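Structure at a glance
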Amino acid sequence: MKDKCIVVGITGGIAAFKICSLVSSLKKKGNDVHVLMTKEAEQFVTPLTLQTLSANRVITDMFTTDFTPDVHHISLAKKADVFVIAPATANIIAKIAHGIADDMLTSTFLAAGCEKLIVPAMNTGMLENPITQDNIATLKKYGMHVLDSASGYLACGDTGKGRMPEPSVILDAIEAIAPGERYLEGKRVLVSAGPTREALDPVRYITNHSSGKMGYELAKAARNAGAKVTLAAGHTELADPVGIDLVHIESAADLADAVLSRQEENDVIIMAAAVADYTPVHVDDQKIKKSEGEFNLPLKRTTDILKALGENKKEGQVLIGFAMETQNLIENASKKLSAKNADYIIANSIADAGAGFGVDTNIVTIISKDGLNPLGLLSKEETAEKILEFCLKKGK
Ligand code: CTP
């Protein structure tokens, strides 16, 4: 998401300080960011901080003596692509649910016809109060998006629901609703991501270095393009993406179940997971005790999920696999295209600096029956967008 006009309304809650990092991220991505603050919000974070981060004047006052040739709240309302209120107090939620427009933030909000995201943050009792719940239901009824509050320690000393989700989650929610080309509207996309874990005993498992980042970015890019997305993910440190059906898996066998049982209903399946090829023949129910000498661990093959998908590929279904290689990248990856009956194989070499595990960038080549298409060094987010456009956008 870039070149969008994002209006960020900040109201008076302690979580307001976290919005500085949201504004900074939105700006860094190349968006035009405008901040509106209530006077209560100014008690928690200064307009100057947000003005510096957004590189736009922060609006706090309805009546200003500064000359502006247009009516500011109307012009901003017209150019906004997304209007987000975060943190949204119980008070602002009540006001906007009833069309009250008694300051610059609420007036601009009422005038705006763009996508709207509300991020409640308050004490658990205030959030769970049926009045607040009714007001939230009203916002949803009018087509606004309301982000679920997180649970945990609250500034008032209580522990419970009402925490504002992290700025990275809010950013993800904004990206999910920002206007864009919805070339996957009506399509169902299944993505697998992250590592599998093959248990030896209750304490140990065999796994790999996959961070899941590439698969998560693919799932988000498909969602942003309008698809209904399911993400089958192994253990990662990544935040749950907004608006995506997330299925947690542990082992290669779990992933095989999760993916193969959903093959029929999906138009596109992307196997970005790093799946174990072998699993222990026997899983001990007790911790394996050490003894002298070598320890041999018999392993058996797991299901090759992509191959099984390829064997049952339905008419028009698109199968995309990955190939991470340490040598003979193109040759080895190209073999996987035919061996697994995939439509595309995304080849990457962990030998290249800036590609592979853990890092935020990647260097991939898209292999299809028509040849090779190298993408060069890009962020994983951009790599995901380019892969989807190349493989799935008609008339590209
Ligand atoms: N894959 C799969 N099931 C497995 C192993 C891999 O579906 N049991 C998928 C991966 O998600 C990836 C593709 O197959 O999309 C290629 O995975 P990779 O590990 O590169 O290759 P393998 O098929 O396992 O072959 P090899 O280990 O010999 O390179």
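Whatever comes next refers back to the structure up there.
1. As for the overall build of the protein
For the protein, the count of helices and strands is 13 helices and 19 strands. Its C-alpha atoms give the protein principal-axis dimensions of about 80 × 55 × 40 Å. Taking all 396 residues of the protein together, the buried fraction comes to 49%. For the protein, restricting intrachain contacts to residue pairs at least 6 apart in sequence, the fraction spanning at least 24 positions comes to 65%. Entry remark: accessible area of the protein is about 19400 Å², with carbon and sulfur atoms responsible for 51%. Of the side chains in the protein, 43 bear a positive and 50 a negative charge, and the two mean positions are spaced by 2 Å.

2. Describing the sheet that holds strand β17 (residues 344-349)
Here we have eight strands laid out as an open sheet, ordered β12-β11-β8-β13-β16-β17-β18-β19, and mixed in their pairing. Looking along the sheet, the strands with just one partner apiece sit at the ends: β12 (245-248) and β19 (371-379). Neighbour to neighbour, the strand axes of the sheet diverge by 15° on average, direction disregarded. Note that strand β13 (residues 268-271) and strand β16 (residues 318-325) share four bridges and pair parallel. If you follow Val-268 over to β16, its bridge partner there is Val-318. The sheet contacts of helix α13 (residues 380-392) involve β13, β16, β17, β18 (361-368) and β19, and relative to β19 the element is tilted by about 155°.

3. Description of the pairing of strand β7 (residues 159-163)
Pairing of strand β6 (residues 150-153) with β7 involves four bridges; the strand directions are antiparallel. Bridged to Gly-152 within β7 is Gly-160. Hairpin connection, β6 to β7: the antiparallel pair is bridged by five residues, and Gly-157 has positive phi, about 105°.

4. Digging into the state of the cysteines
Applying the stated criterion across every chain, the model contains zero disulfides. Looking at the unpaired Cys-5, the closest cysteine sulfur is the one in Cys-114, lying at 8.2 Å. The class for Cys-5 is buried, based on a relative accessible area of 6%.

5. Topic: helix α9 (residues 213-224)
Here α9 spans 16 Å end to end across 12 residues, near enough to the 16 Å set by a 1.5 Å rise per residue. With nine of 12 residues buried, α9 lies mostly within the body of the structure. Residues of α9 that are buried include every one of Met-214, Gly-215, Tyr-216, Leu-218, Ala-219, Lys-220, Ala-221, Ala-222 and Arg-223, and no others. Looking at the residues trailing α9, positive phi occurs at Gly-226, about 100°.

6. Points about the sheet that holds strand β1 (residues 5-10)
Here we have five strands laid out as an open sheet, ordered β2-β1-β3-β4-β5, and parallel in their pairing. Every interior strand has two partners, whereas the edge strands, β2 (32-37) and β5 (145-146), have only one. Of the strand pairs in this sheet, β1 and strand β3 (residues 82-88) are connected by four bridges, and their pairing is parallel. By the bridge assignment, Gly-9 is partnered in β3 with Ile-85.

7. Details of helix α4 (residues 90-97)
Counting buried residues in α4 gives six out of eight residues, a clear majority hidden from the surface. For α4, the set of buried residues is Ala-90, Ile-92, Ile-93, Lys-95, Ile-96 and Ala-97. Looking at the buried positions of α4, the neighbouring elements they touch are β3, α5 (104-111), β4 (115-120), α6 (124-128) and α7 (130-141).

8. Considerations on the site of the ligand
Around the ligand sit 16 residues in total, of which Met-271, Ala-273, Leu-306, Phe-322 and Lys-340 are the nearest. At 3.0 Å from a nitrogen atom of the ligand is found a main-chain nitrogen or oxygen belonging to Ile-305. The side chain of Lys-336 places a nitrogen or oxygen atom 2.9 Å from an oxygen atom of the ligand. Elements that contribute at least two residues to the shell around the ligand include exactly α11 (305-311) and β16. Among the elements that take part in the shell around the ligand, β16 stands out by supplying four residues, more than any other.

9. What to know about the packing of aromatic side chains
How two aromatic rings sit relative to each other is given by the distance of their centres and the angle of their planes. Counted under the stated rule, the structure contains two aromatic pairs. Between Phe-83 and Phe-109, the ring centres sit 5.0 Å apart and the planes meet at 80°, which makes this aromatic pair edge-to-face. Here Phe-109 lies in helix α5 and Phe-83 lies in strand β3, a separation of 26 residues in the sequence. Between the aromatic rings of Tyr-344 and Phe-390, the centroid separation amounts to 6.3 Å while the plane-to-plane angle is 80°, which identifies the pairing as edge-to-face. Taken together, the residues Tyr-344 in strand β17 and Phe-390 in helix α13 connect sequence positions 46 residues apart.

10. Concerning the pairing of β13
For a regular strand, side-chain orientation follows a simple rule: the groups alternate between the two sheet faces. Where burial is concerned, the two faces of β13 agree: the one with Val-268 and Ile-270 and the one with Ile-269 and Met-271 are both buried. One ladder, built from four bridges, connects strand β8 (residues 188-193) with β13; its direction is parallel. Along β13, the bridge assignment pairs Leu-190 with Ile-269.

11. Observations regarding the nonpolar core
With 34 residues, the main nonpolar core has Val-8, Ile-170 and Ile-174 as its most contacted residues. At the level of secondary structure, the elements contributing two or more residues to this core comprise β1, α1 (19-28), β2, β3, β4 and α8 (167-177). If one sorts the elements of this core by residue count, α8 sits on top with six residues. Counting 33 residues, the second-largest nonpolar core is a separate cluster that includes Val-189, Ala-227, Ala-272 and Ile-366.

About the thresholds
- Note on numbering: residues in each chain are counted from 1, in written sequence order.
- Local features in this predicted model are restricted to residues of pLDDT 70 or higher, and side-chain atom pairs are both shown and tallied only at a pLDDT of 80 or more, whereas totals for entire chains, interfaces and linings draw on every residue.
- As a convention, hydrogens and water are excluded, and side-chain values are obtained from all of the structure's heavy atoms.
- Only DSSP runs of H or I reaching four residues or more are called helices, and only runs of E reaching two or more are called strands; each is numbered from the N terminus.
- For each residue, the accessible area found with a 1.4 Å probe, counting protein chains only, is set against the maximum for its type, and the residue is called buried under 20%, exposed over 50%, and partly exposed in between.
- Contacts between residues were defined by any pair of non-hydrogen atoms, one from each residue, lying within 4.5 Å.
- Only the protein chains shown count as cover for residues, with accessible areas throughout obtained via the Shrake-Rupley method and a probe of 1.4 Å.
- The charge count treats Lys and Arg as positive and Asp and Glu as negative. His and the chain ends do not count.
- For the purpose of locating charges, the reference atoms are NZ of Lys, CZ of Arg, CG of Asp and CD of Glu.
- Note on pairing: DSSP must find at least two bridges between two strands before they are called paired.
- To define axes, lines are fitted to C-alpha atoms, for helices over the stretch in contact only, and angles between the resulting N-to-C directions are given on a 0 to 180 degree scale.
- Throughout, disulfides are identified as pairs of cysteine sulfur atoms within 2.5 Å of each other.
- One fewer than the residue count of a helix, multiplied by 1.5 Å, yields its expected span.
- Any residue with a heavy atom lying within 4 Å of a molecule or strand is counted as near it.
- Polar contacts, as used here, are pairs of N or O atoms within 3.5 Å; protein pairs need one atom able to donate a hydrogen and one able to accept it. Residues neighboring in sequence count only if both atoms are side-chain atoms.
- Two aromatic rings, drawn from Phe, Tyr or Trp (for Trp, its six-membered ring), form a pair once their centres lie within 6.5 Å of each other, and the interplanar angle then sorts them: stacked below 30 degrees, edge-to-face above 60, tilted otherwise.
- The definition of a nonpolar core used throughout is a set of buried Ala, Val, Leu, Ile, Met, Phe, Trp, Tyr and Cys residues joined through side-chain atoms within 4.5 Å.

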